[in-house]
Amino acid sequence: MTENEGIVFDIKEFAVFDGPGIRTTVFMKGCPLRCQWCHNPEGLSPRPQLMVSTAACVHCGACRRVCRHPDACIACGECVPVCRGGLRKIVGTRWQAKALAQRLRKDADVFRMSGGGVTFSGGDPLLQWTFVSRVIDELGGIPAAVETSGYTSDDVFRDVMRKCALVMMDWKVSDPEKHRHYTGVDQAPIRRHAQFLAAGNTPFILRMPMIPGVNDTREHFETVASLAGGAPSLVRVDILPYQRAAGAKYEMVGKTYAPDFDESQAPKYFLDVFDRAGIPYQVFR
Amino acid sequence: MTNRITQLMHFQWEQLHHAARIHLDPEMPLTYRDRSLSDTMRTALRLRQALEMETPYIFENELIAFTRTVPNLPRIFGDAEWAEITGSHFIHELGNVSNLSPDYASVFSRGLLAIRETLNDCELHRAMRISIDAVLDLTRRYEAAAREKGYTLLADTLARVPAQAPRTFREALQSMRILHYALWCEGDYHNTMGRFDQYMMPYLQADLDAGRETEESAFELLEAFFLACNRDSDMYPGMQQGDNGQSIVLGGMLPDGCDGFNLLSKWCLRASAELRLIDPKINLRVNSKTPLEIYEMGTQLTKLGLGFPQYENDDVAIPALEALGYETQDARNYVMAACWEFIIPGKGMDIVNIGALPFANIVDRVIREHLGECKTLDELKEIVRGEIFASVRQSVEERKNLYFIPSPYLSLFFEGCLENEKDISLGCKYNNWGLHGTGVAPAADMLAAVDQEVFRGSLPAEELLEALRQDFVGFDALHDKLKYHCPKVGNDEDAADSLMSWLLDTFADAVSGLKNERGGIIRPGTGSAMFYIFHANELGATADGREAGVPLPANYSPSLNIRLNGPVSLIKSFTKPNLKRTINGGPLTIEFSNSVFTQEESITKVAQLVQLFVLRGGHQLQLNTVNRERMLDAQVHPENHRNLIVRVWGWSGYFVELDKCYQDHIIRRAELSV
């Protein structure tokens, strides 16, 4: 990872939930958080890695026969084409900033006519901010947005707010101790950056992943209301209910999905808090 | 939806009216088969017998009457006679006139009695008179039945139409229902319904202006008419149930150049969204000036998973039809045939699906037979060009001495048939033929792959050919490269897209100047109809990395086994060719997962995609919303999914009523969805 080279794990056209208009979302690899409910485990590590759909594997052994690094996978990808089921792939592609910008600029006309643009998501795109920032510089004025945890330095976050037309930032857990337990990181910088957003003039959306038994409390909604209430550039709050399919991809990257909350419960909502505070919101069901 | 519509719908959905259907007695005398009778007279007498056998069946709270209780009668020819005819003629499909758009308004606006007055004693006119009398006789019996039930308004309506011109929206709809019903009974099929919003609007407007109907009561009539279109559709002939051709066309330029989108166009979209039935299938004509709001109305239907509307772009279609020789006013009045072919209502006897150019099969054959002897892509393309020309010529030469069973009743709806005493089966103002073009995207992908790997790369031709013969077994790395690392149509890569443009241009060049035996021209298209199943079965593994047994894409769509960037690239790829040259019809299809629509703002975004397609010069677009899990469950538990609607190749049908090969194809397409 450098200013000129970044690692991308997906580029999705017509990403309808990542901001206004017709947008392309670039998923940057690597995230500083380890949220227990993360549904993109292939976005966590900053390095390219092998991903295998184990469920349909017939154990023919073709991949083992060609493997030259049986002790430690280096994501060389030599086993990918030999799989007759097409079950193996390398996630994480190195892109040069200019080349990625060129790929995105080809659809500038579409972004313009629809009021859309490009969204950088992840992982957390701020982990590779110098690269992302460079790509944005090369976009020729296409509006850029980010989807971020907000966990970064103050300088980077100020830079993000200067360069982006929209910032979508998660507010995951209000209680600082629980925050560290469920996400693995300190909440303080995230809270500070939420305050930056509330005081600034970059349009922003706060996103609340709703996890049953973790953050589906009245206090959590009240904290969001106090952070966002009255902020002139708040677009709305997005409420994202927990998806039970979240664990599906863990086995594919050699991990185990083991959340310590009861995922069979439906999360509780306290929308009356937002209604009373006059905060616009949208529930993704 | 009013209570009355809910009741009618329930009754129909439970198929309670099927109890009134009769079974034909195999020993029944078929007097119309008398050897001394001409084919024209036989058709009229068979229609009369079919209608005489009908017993009026009126639903509770009926608004628009006429329900079939008699299945299709045996054909007008015995087996031996038919064998003699087929031995010496080219027979298209079942041999009946099909896939046309009758000019209903020209008949109901005069009334059958006024038309009957003009008939003379020539054979065609005598057959027309028999047909008209049979329709009016059944209408009188329906009128009596309605009166007996105490449905005075319905009885009065039937006393008026179709004998005389309708005065109200209700009368116009009822007249249309009767006239359309009788077409099916004559044996004609894929009887499309054309510019319904145009020919019905004057009656609706007059009622609203005069205060005869409220908006609510008139809308109820429209919904009742739509319901009636679904009553008997399981009895109509088609490749699969649902393939019945009951399409309507909304909006679009009028013959005088004005825009035709009106109140009724809007109502039709709304009624279809409320009823969620497979008929009528809706086409929406648009152009570069169409406001986003109209695309949004259409997208509301897409969201429901109905598989329509299908969009047609006037900016491309009208000049393209003019270039083929259609008069300007006729070109502006175009409608859709059963699926997606462009035809002219009341004037065209075009046979729009008489054959198909199998792009993928031709390119595959040329690669297998000639790759080794070519040094450049241009040399290979030259051979492909020759094969396309040969295939097209052969298609036309094989189709000589056409015979259609006459349709004297249908002839009432076509310009000049009555006046010239010439049955529609013998031709009309336009007598062009259409050829589909199947598998153009995989064909371009094959050429792009051999260009990159063989001509510009280091792959020996013989190694590629051996890999194809072995269906890639033992050629894993090569297979991976061909399938995932070569340019593909649909990803906005000029290397592949330019080859698709070239293939379509070559098709247009090949048909240019050819004439069919009726003096018409040959129209090239981008459709597939059911040929995507047939042609794929004839193929082994192909140079684009497609394994043997993988189906071809339906219509004008990307290969099924590739990785796609997404719908923006897809639209850009498929709007690069000059589609004005291949206007027989055949849409780009894009599948959306139903999860796209969980937020209301997605309606606008999908509408903007459609608009993008139109602004970039696309000719025809069709969107599906699919739920893969639901389809898989429906294969196991069909009883739980009777109302699951899917788009097949040019029409929407109920998933559980399709043959498994079509179900599987739709599930495979869903795997590529956005």
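From a predicted model like this one, the values you see are computed outputs, not experimental measurements.

Thresholds, definitions, all that
Residues numbered from 1 in each chain as written. Chains lettered and ligands numbered in written order. Predicted model: local features only at pLDDT ≥ 70, side-chain atom pairs only at ≥ 80, totals over all residues. Helix = DSSP H or I, 4+ residues; strand = E, 2+ residues; numbered from the N terminus. Rg over C-alpha atoms; globule rule 2.2 N^0.38 Å. Buried ≥ 20, exposed ≤ 12 C-beta atoms within 10 Å, placed from the backbone. Pairing = 2+ DSSP bridges. Axes fitted to C-alpha atoms, helices over the stretch in contact; angles between N-to-C directions. Contact = placed C-beta atoms within 7 Å. Nonpolar A, V, L, I, M, F, W, Y, C, P; charged D, E, K, R; others polar. Core = buried A, V, L, I, M, F, W, Y, C linked by C-beta atoms within 7 Å. Domains from an automatic or database assignment. Expected span 1.5 Å × (residues − 1).

### Some thoughts on the overall build of chain A
What chain A contains, in helices and strands, is 9 helices and 11 strands. A globule of 285 residues ought to have a C-alpha radius of gyration of about 19 Å, and chain A, at 20 Å, matches this closely. Projected onto its principal axes, the C-alpha positions of chain A cover 65 × 45 × 30 Å. Expressed as a percentage of the 285 residues in chain A, the buried residues total 42%.

### Quick notes on the overall build of chain B
A tally of regular secondary structure across chain B gives 27 helices and 12 strands. Taking 674 residues into account, the globule formula puts the C-alpha radius of gyration at 26 Å, and chain B, at 25 Å, falls close to it. Projected onto the principal axes, the alpha-carbon positions of chain B cover approximately 85 × 60 × 50 Å. Going through the 674 residues of chain B one by one, you find that 55% of them count as buried.

### A closer look at the sheet that holds strand E10 (residues 620-626) of chain B
Residues and elements named next belong to chain B. In spatial order, the strands read E1-E2-E3-E10-E9; together these 5 strands make up an open sheet with mixed pairing. Two strands bound the open sheet, and with one partner strand each, they are strand E1 (247-251) and strand E9 (588-593). This sheet shows a mean twist of 25 degrees between the axes of neighbouring strands, independent of strand direction. Bridge analysis of E9 against E10 gives 6 bridges, and the strand direction is parallel. Of the residues in E10, the one forming a bridge with Glu-591 is Asn-624.

### Examining the interface of chain A and chain B
Opposite the 17 residues of chain A that make contact, chain B presents 19 residues. Elements with a minimum of two residues in the side of chain A that touches chain B: strand E1 (5-13) and helix H3 (108-114) of chain A. Sorting elements by how many residues they give to the side of chain A that touches chain B places H3(A) first, with 3 residues. Looking at side-chain class alone, the side of chain A that touches chain B contains 10 nonpolar, 2 polar and 5 charged residues.

### Looking at the nonpolar core
All names here are of chain B. With 270 residues, the main nonpolar core has Leu-321, Val-363 and Ala-444 as its most contacted residues. Per element, the largest residue contribution to this core is 11 residues, and it comes from helix H8 (residues 169-186). For Leu-321, the contacting residues outside a window of four places in its chain are Tyr-326, Ala-331, Tyr-334, Phe-342 and Ile-583.

### A short note on the domain arrangement of chain B
Residues and elements named next belong to chain B. Annotation of chain B at the domain level lists domain 1 (3-340) and domain 2 (351-586). For domain 1 versus domain 2, the separation of C-alpha centres amounts to 33 Å. Opposite the 46 residues of domain 1 that make contact, domain 2 presents 36 residues. Classifying every residue of the side of domain 1 that touches domain 2 gives 29 nonpolar, 13 polar and 4 charged.

### Considering the environment of Cys31(A)
Residue and element names in this part refer to chain A. Following the sequence through the fold, Cys-31 ends up in the loop between strand E2 (23-28) and strand E3 (49-52). Owing to 25 C-beta atoms within 10 Å, Cys-31 belongs among the buried residues under this scheme. The sequence separation of Cys-31 and Lys-106 amounts to 75 residues, and the corresponding C-alpha distance is 28 Å. Ignoring sequence-local partners within four residues, the contact set of Cys-31 consists of Gly-43, Leu-44, Gly-122, Gly-123, Asp-124 and Leu-127.

### Points about the sheet that holds strand E11 (residues 281-283) of chain A
All names here are of chain A. Strands sit in the order E5-E1-E2-E6-E7-E8-E9-E10-E11 across an open sheet of 9 strands; the sheet is mixed. Edge positions in the open sheet fall to strand E5 (93-96) and E11, since each of these has one partner strand only. On average, each strand axis in the sheet is inclined to that of its neighbour by 30 degrees, with strand direction left out of account. Where E1 lies against E2, 5 bridges are found, and the strand directions are antiparallel. Counterpart to Asp-10 in the pairing with E2 is Phe-27. Seen against the sheet, helix H4 (residues 129-137) touches E1, E2, strand E6 (117-121) and strand E7 (144-148) and runs at an angle of roughly 60 degrees to E1.

### A look at helix H6 (residues 123-148) of chain B
Residue and element names in this part refer to chain B. Under the 1.5 Å per step criterion, the end-to-end length of H6 is 38 Å for 26 residues, consistent within 8% with the ideal 38 Å. For H6, the complete set of buried residues consists of Leu-124, Ala-127, Met-128, Ser-131, Ile-132, Ala-134, Val-135, Leu-138, Thr-139, Tyr-142, Glu-143 and Ala-146. In this structure, the buried residues of H6 make contact with helix H2 (39-53), helix H5 (112-117), helix H7 (152-160), H8, helix H17 (408-411) and helix H18 (417-420). Looking one or two residues beyond H6, the residue adopting positive phi is Gly-150, at roughly 85 degrees.

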